[in-house]
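# Structure at a glance
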Amino acid sequence: PDPSPISRMVLGTEALSESIFAITDGLPTKSIGEASQTIRDGKLINRVAVKVFGLGRTMMTTTCRYEDLASDGFEDDGSELALTVETTQAVGGSPVLSPVVFPSERFLGSNAEVVMRITYLDDDLRIVRNADDGRCFVYTRAQKDPLVLMDTDMYTVA
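Residues numbered from 1 in each chain as written. Predicted model: local features only at pLDDT ≥ 70, side-chain atom pairs only at ≥ 80, totals over all residues. Heavy atoms only, no water.

## A closer look at the overall build of the protein
Counting its regular elements, the protein contains three helices and nine strands. Each helix (α) and strand (β) of the protein, taken in turn from the N terminus, gives the series α-α-β-β-β-β-β-α-β-β-β-β. Going through the 158 residues of the protein one by one, you find that 27% of them count as buried. (Helix = DSSP H or I, 4+ residues; strand = E, 2+ residues; numbered from the N terminus. Buried < 20%, exposed > 50% of the residue type's maximum accessible area, 1.4 Å probe, protein only.)

Below, the structure written as structure tokens:
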């Protein structure tokens, strides 16, 4: 729960995560840019470009750990992943904010957990849904940069 009775009253929310999203989603002069997702070494990293008028552009970076879930009595086919948001960071844009790493898991508790269902996957396309609200995300595999020596599974939102 949101520990602040003021934000619960003003925003009409109960959970701390709802209060945070109510504030950030309510910014009137923001634009969302390209998003990417990298899955590697037991981590899922989301990066979303955000531009806020007067404050500049930053790359909101969320780091999650994940584990495979068995699918409702069926064999575990890896199509459901339990994600736990560990940290969130505004990378770039502000020398003041960039070094700040928000400990999402510690502050959000169970609200930092989500189940991601992979509904389609091939070499170039991944379609996933949030298990809780059914929101759908479509990712296409990013072209590998020949100058990058690290092998990663990076997808961008289509």
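## Some words on unusual backbone geometry
One non-glycine residue with positive phi stands out, namely Asp41, at about 55 degrees. Counting through the fold element by element, Asp41 comes out in the loop between strand 1 (30-40) and strand 2 (43-52). Taking relative accessible area as the criterion, Asp41 reaches 67% and is therefore assigned exposed.

## Observations concerning the confidence of the model for the protein
Looking at the protein as a whole, the pLDDT averages 76, with 70% of positions reaching at least 70. Confidence drops under a pLDDT of 50 for residues 146-152, and excluding neighbours within four residues, the segment shows seven contacts in the predicted structure. (pLDDT = per-residue confidence, 0-100. Contact = heavy atoms within 4.5 Å.)

## Section: the pattern of salt bridges
Taken as a whole, this structure holds six salt bridges when the rule is applied. Between Glu105 and Arg65 there is a salt bridge, with the nearest N and O atoms lying 2.7 Å from each other. Taken together, the positions of Glu105 in helix 3 (residues 104-108) and Arg65 in strand 3 (residues 56-69) put the pair 40 residues apart, joining distant regions of the chain. A relative accessible area of 29% places Glu105 in the partly exposed class. Note on Arg65: relative accessible area 34%, which makes it partly exposed. (Salt bridge = Lys/Arg side-chain N within 4 Å of Asp/Glu carboxyl O.)

## Overview of the environment of Arg126
One can find Arg126 in strand 7 (residues 125-130). For Arg126, a relative accessible area of 2% translates into the label buried. Distance in space between the C-alpha atoms of Arg126 and Phe137 is 8.3 Å, their sequence separation being eleven residues. One polar contact links Arg126 to Gln37, side chain to side chain, over a distance of 2.2 Å. (Polar contact = N/O pair within 3.5 Å; in protein donor to acceptor, adjacent residues only side chain to side chain.)

## Here's the deal with the environment of Tyr66
Structurally, the position occupied by Tyr66 is in strand 3. Using a relative accessible area of 26% as the deciding quantity, one classes Tyr66 as partly exposed. Residues Tyr66 and Val115, 49 residues apart in the sequence, show an inter-C-alpha distance of 9.3 Å. In contact with Tyr66, other than residues within four places in its own chain, are Ile39, Gly42, Lys43, Leu44, Leu81, Ala82 and Leu83.

## Observations regarding the nonpolar core
By size, the foremost hydrophobic cluster in this structure holds twelve residues: Ile39, Leu44, Cys64, Leu81, Leu83, Val85, Leu108, Ala112, Met116, Ile118, Val128 and Tyr139. Within the residue set of this core, elements represented by two or more residues are strand 4 (80-91) and strand 6 (113-121). With three residues, the top contributor of residues to this core is strand 4. For Val85, the contacting residues outside a window of four places in its chain are Thr62, Thr63, Cys64, Ser104, Glu105 and Ala112. (Core = buried A, V, L, I, M, F, W, Y, C linked by side-chain atoms within 4.5 Å.)

## With respect to the packing of aromatic side chains
Considering all chains together, one arrives at one aromatic pair under this definition. A cation over an aromatic ring shows up here: Arg126 above the ring of Tyr139, its NZ or CZ 5.2 Å from the ring centre. (Phe/Tyr/Trp six-rings, centres within 6.5 Å; stacked < 30°, edge-to-face > 60°. Lys NZ or Arg CZ within 6 Å of the ring centre and 35° of its normal.)

## Quick word on the pairing of strand 2
Summarising the sheet, strand 1 and strand 2 pair through nine bridges and their orientation is antiparallel. Note that in strand 2 the partner of Ser31 across the bridge is Lys51. What sits between strand 1 and strand 2 in their antiparallel hairpin is a turn of two residues, with Asp41 showing a positive phi close to 55 degrees. Two strands pair when backbone bridges link them, and strand 2 and strand 3 are joined in this way by ten bridges, in the antiparallel orientation. Residue pairing for strand 3: Ile45 is matched across the bridge by Thr63. (Pairing = 2+ DSSP bridges.)

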